[in-house]
Amino acid sequence: MSLNRFAIFAKTKLVLNDATPTDREGSTSGIKKTTKLAHDSILDGLIRLLIRCYEMIQRTKYGDVYSYLLAIVFSIVNLFLRLLIAPIEGGLQFITFFPCVALSAMFVGAGPALLSTALCSVMAGYFFFPPYMQLTFEFHSDVVLSTLVFCLDGLIVSMSIGAMHRYFIDYRQTAEVMQNKEAQFQMIVDSIRDYAIIMLDVEGNIISWNPGAEQNNGYQKNDILGQHFSILYPQEDIENGKPEHDLGIAINEGRFEDENLRIRKEGSPYKANVVITAIRGSRGKLSGFAEISCDITERKKAEMRMHHLLYEYTRSNDELNNFAYVASHDLKSPLRGIDQLATWLAEDLGDQLSDGTKKHLHLMRNRIQRMERLLDDLLAYSRVGHTDDEIVKINTRDLVQDIYEMITDNRGIQLDIADPMPVLQTSKVPLELVFRNLINNAIKHHDKPEGCIRISAHTTTDGYEFVVSDDGPGIAADNQKRVFGMFQTLKSRDEVEGSGIGLSMVKKAVESVGGKVTLESDGTHGCTFRFTWPKTITAKILNVTTVEEKQYAN
Amino acid sequence: MPTDRQQYREVTIVLIDDDDVDVMGIHRALNKLRILNPVVRARDGFEGLTILRDPQAIQRPFIILLDINMPRMNGLEMLAELRNDPVLSSSVVFILTTSKADEDKVAAYQQHIAGYIVKSNVGNGFLQVMEMFDRYWRVVELPEVS
């Protein structure tokens with residue numbers, strides 16, 4: 001994007017260069033040039049003087065009024081000059097007034113010149129035709145004719161010289177605008193450090209070199225101007241004709257873009273993103289090239305690092321999943337072996353077993369079951385957030401009710417669902433897992449024969465917040481962080497069976513969809529779990545965000 | 001019982017499992033149920049295929065009880081080989097494994113297994129499974145794989 005913008009700037013500049021003849025074109029003949037210069041300098045000086053005066057007048061508040069006043073002044077001065085060179089009755093009635101008309105047209109334009117013409121014709125009639133210096137309304141035909149001819153001539157002179165005046169003013173203003181633009185462009189180009197902006201002529205010789213190019217390539221501006229731009233290419237590319245090839249593409253397609261290997265002044269290579277744009281004049285004639293390049297070595301390195309990190313992250317993630325899967329399977333089969341052997345011992349020994357041994361065998365099988373559940377839960381935990389399950393419409397009220405019916409053992413713990421509960425399009429498995437574990441915990445850990453679980457929901461800016469609160473024993477502040485950890489239980493497993501993985505699964509499931517889970521409890525009057533759930537989730541996006549977060553963290 | 005057994009050809013159980021205790025469990029269950037069908041055991045997929053491809057090694061018909069997690073060649077790999085084998089592709093295969101993973105179940109059923117049995121679900125040893133099989137081959141006609 002930014003490269004394109006530079007290319008447009010570059011184009012403007014070369015077009016400007018096109019408009020003013022360059023030194024190279026002018027240097028064909030030395031003698032011609034000097035005569036032309038002397039000749040030009042007088043004309044230029046005059047024009048410049050005229051225009052500067054005009055601009056000075058125009059810049060004042062009543063520029064136009066002054067222009068007309070100036071024309072009047074010219075006319076009066078002209079009258080005095082006429083009186084100086086000949087007596088009143090000495091003829092030369094009109095011819096001597098042309099200078100003021102011409103000067104007015106040159107200095108201040110056609111309008112004031114016309115005023116001057118009118119003024120002069122009146123003055124000529126008054127002063128230089130008999131009766132001299134008297135107003136008369138008896139017109140002789142030759143006087144009328146002369147006056148008309150003068151007016152017509154004055155009109156022609158005013159219009160033609162006025163048009164020239166207009167042309168010069170326009171030209172100068174355009175030139176000024178262009179100069180400003182060029183200066184701006186040059187300032188931008190000079191202030192750019194990260195991009196090398198180079199202008200090439202039609203043959204590929206370097207004709208401009210910005211500080212960015214200096215920084216990227218190491219050449220000073222004076223060293224490189226006039227050199228062929230292939231100096232920036234590696235030797236191998238030069239031999240293969242790549243510089244010409246690149247220019248060829250720019251000529252044929254208007255633009256060449258690629259990641260090229262470039263060589264710095266001291267010989268070290270670097271990777272650059274290069275854009276070469278062919279620059280054409282108004283008639284489509286090729287006038288040169290703009291080459292904008294940027295050293296992307298660092299970017300490439302960063303990209304590589306990112307790919308590497310991504311790969312590492314995916315790999316370790318896969319490994320972890322694989323580990324959890326394999327571990328729970330491979331750990332389970334010997335466990336089952338132990339279980340079976342214990343059963344066979346009990347079967348085979350039958351009556352020979354003492355009560356103590358029977359009890360020990362029972363405890364052993366109990367521990368085996370516990371271990372099996374731990375492994376199952378570990379596996380389930382490792383799979384949370386990885387199921388690419390479909391997005392379905394879920395009525396959360398029904399979901400919560402169903403879960404409660406499934407879990408409850410009619411111990412007197414009631415379920416109270418507050419209105420309204422949202423109906424949302426989401427991934428069912430993790431949401432169900434969260435509610436199941438929270439409701440299950442509330443029932444399992446309740447310390448009174450009767451109680452109530454309250455469930456409510458409200459919308460947030462980008463989703464919902466669900467609240468599951470109970471009136472059980474609560475969780476003391478010290479333990480509130482612990483409960484979300486893996487295999488954390490607050491009571492011994494012999495008192496309350498549980499692997500201690502439920503809440504860590506809740507946390508993982510909520511976070512896997514981009515939500516947050518919090519716990520509030522004073523440690524005596526029950527606890528309140530709040531979790532947020534986004535309105536829309538896509539598993540793929542989630543994975544990407546976690547990867548990115550991971551990278552930023554690194 | 002013996003008269004019953006005369007009426008159908010005895011089905012060979014090809015047991016492919018690397019866990020000795022599980023194999024013992026199956027033998028125990030068979031003994032308890034007084035099922036006298038021949039049992040041929042292999043420790044992994046390779047061994048299993050070798051035995052199955054040897055026409056003298058086992059009496060036909062047979063059913064295969066296949067574990068998934070095994071060294072060298074696991075159950076799913078062996079199943080794929082089996083389905084590509086022109087002679088053995090019609091074999092009746094039951095998966096008998098500790099894996100509850102959905103991927104495993106789907107992958108196994110995609111290879112046209114007759115049933116997927118999870119070992120920890122079998123309760124009292126393999127008694128229920130073996131009881132089921134005893135009924136299964138009385139009722140179900142098996143292909144005569146040559």
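The structure displayed is predicted, hence computed values, not measured ones.

Caption draft 1: Structural context of the interface of chain A and chain B. Chain A puts 15 residues into the contact, and the matching count from chain B is 19 residues. Here chain A meets chain B over a buried area of about 1,400 Å², counting both sides, of which 46% is carbon and sulfur. Among the residues of chain A in contact with chain B, His329, Arg336 and Trp344 of chain A are the three that bury the most area, contributing 38% of the side total. Put simply, chain A and chain B have 4 salt bridges between them. In this structure, Arg28 of chain B and Asp348 of chain A form a salt bridge, with 2.6 Å as the shortest nitrogen-oxygen distance. At the boundary of chain A and chain B, one finds 4 residue pairs in polar contact (both at pLDDT 80 or more). Broken down by element, the side of chain A that touches chain B gets its largest block of residues, 12 residues, from helix 12 (residues 297–349) of chain A. Counted by class, the side of chain A that touches chain B contains 3 nonpolar, 5 polar and 7 charged residues.

Caption draft 2: Structural view of the sheet that holds strand 1 (residues 195–200) of chain A. All names here are of chain A. Spatially, the 5 strands line up as an open sheet ordered 2-1-5-4-3, and their pairing is antiparallel. Of all strands in the sheet, those bounded by a partner on one side alone are strand 2 (206–209) and strand 3 (255–263). Averaged over all neighbouring strand pairs, the angle between strand axes comes to 25°, with direction disregarded. Examined bridge by bridge, strand 1 and strand 2 share 3 bridges and lie antiparallel to one another. Looking across to strand 2, one finds that Met199 is bridged to Ser208. Against the sheet, helix 12 makes contact with strand 3, strand 4 (269–280) and strand 5 (286–295), and its axis sits at roughly 125° relative to strand 4, the strand it touches most.

Caption draft 3: Examining the environment of Leu81 of chain A more closely. Residues and elements named next belong to chain A. Inspection of the secondary structure puts Leu81 in helix 4 (residues 63–85). Looking at Leu81, the relative accessible area reads 46%, which means it is partly exposed. Linking Leu81 and Thr96, residues 15 residues apart in sequence, is a C-alpha distance of 8.5 Å.

Caption draft 4: Broad picture of the pattern of salt bridges. For the coordinates displayed, the defined rule picks out 30 salt bridges over all chains. Across the pair Arg41 of chain B and Asp20 of chain B runs a salt bridge, and its minimum N-O distance is 2.9 Å. In this pair, Arg41 of chain B is assigned in strand 2 (residues 39–42) and Asp20 of chain B in helix 2 (residues 20–32), connecting sequence segments 21 residues apart. With a relative accessible area of 21%, Arg41 of chain B lands in the partly exposed category. In this structure, Arg53 of chain B engages Asp85 of chain B in a salt bridge whose closest nitrogen and oxygen atoms are separated by 2.9 Å. With Arg53 of chain B in helix 3 (residues 45–53) and Asp85 of chain B in the loop between helix 4 (75–84) and strand 4 (92–97), the pair connects residues that are 32 residues apart, well separated along the chain. Here Arg53 of chain B falls in the partly exposed class, since its relative accessible area comes to 43%. One salt-bridge network, in which partners are shared between bridges, spans Arg336 of chain A together with Asp17, Asp22, Asp67 and Lys119 of chain B.

Each value, and the rule that gives it
Residues numbered from 1 in each chain as written. Chains lettered and ligands numbered in written order. Predicted model: local features only at pLDDT ≥ 70, side-chain atom pairs only at ≥ 80, totals over all residues. Heavy atoms only, no water. Contact = heavy atoms within 4.5 Å. Buried area = accessible area lost by both parts, 1.4 Å probe. Salt bridge = Lys/Arg side-chain N within 4 Å of Asp/Glu carboxyl O. Polar contact = N/O pair within 3.5 Å; in protein donor to acceptor, adjacent residues only side chain to side chain. Helix = DSSP H or I, 4+ residues; strand = E, 2+ residues; numbered from the N terminus. Nonpolar A, V, L, I, M, F, W, Y, C, P; charged D, E, K, R; others polar. Pairing = 2+ DSSP bridges. Axes fitted to C-alpha atoms, helices over the stretch in contact; angles between N-to-C directions. Buried < 20%, exposed > 50% of the residue type's maximum accessible area, 1.4 Å probe, protein only.

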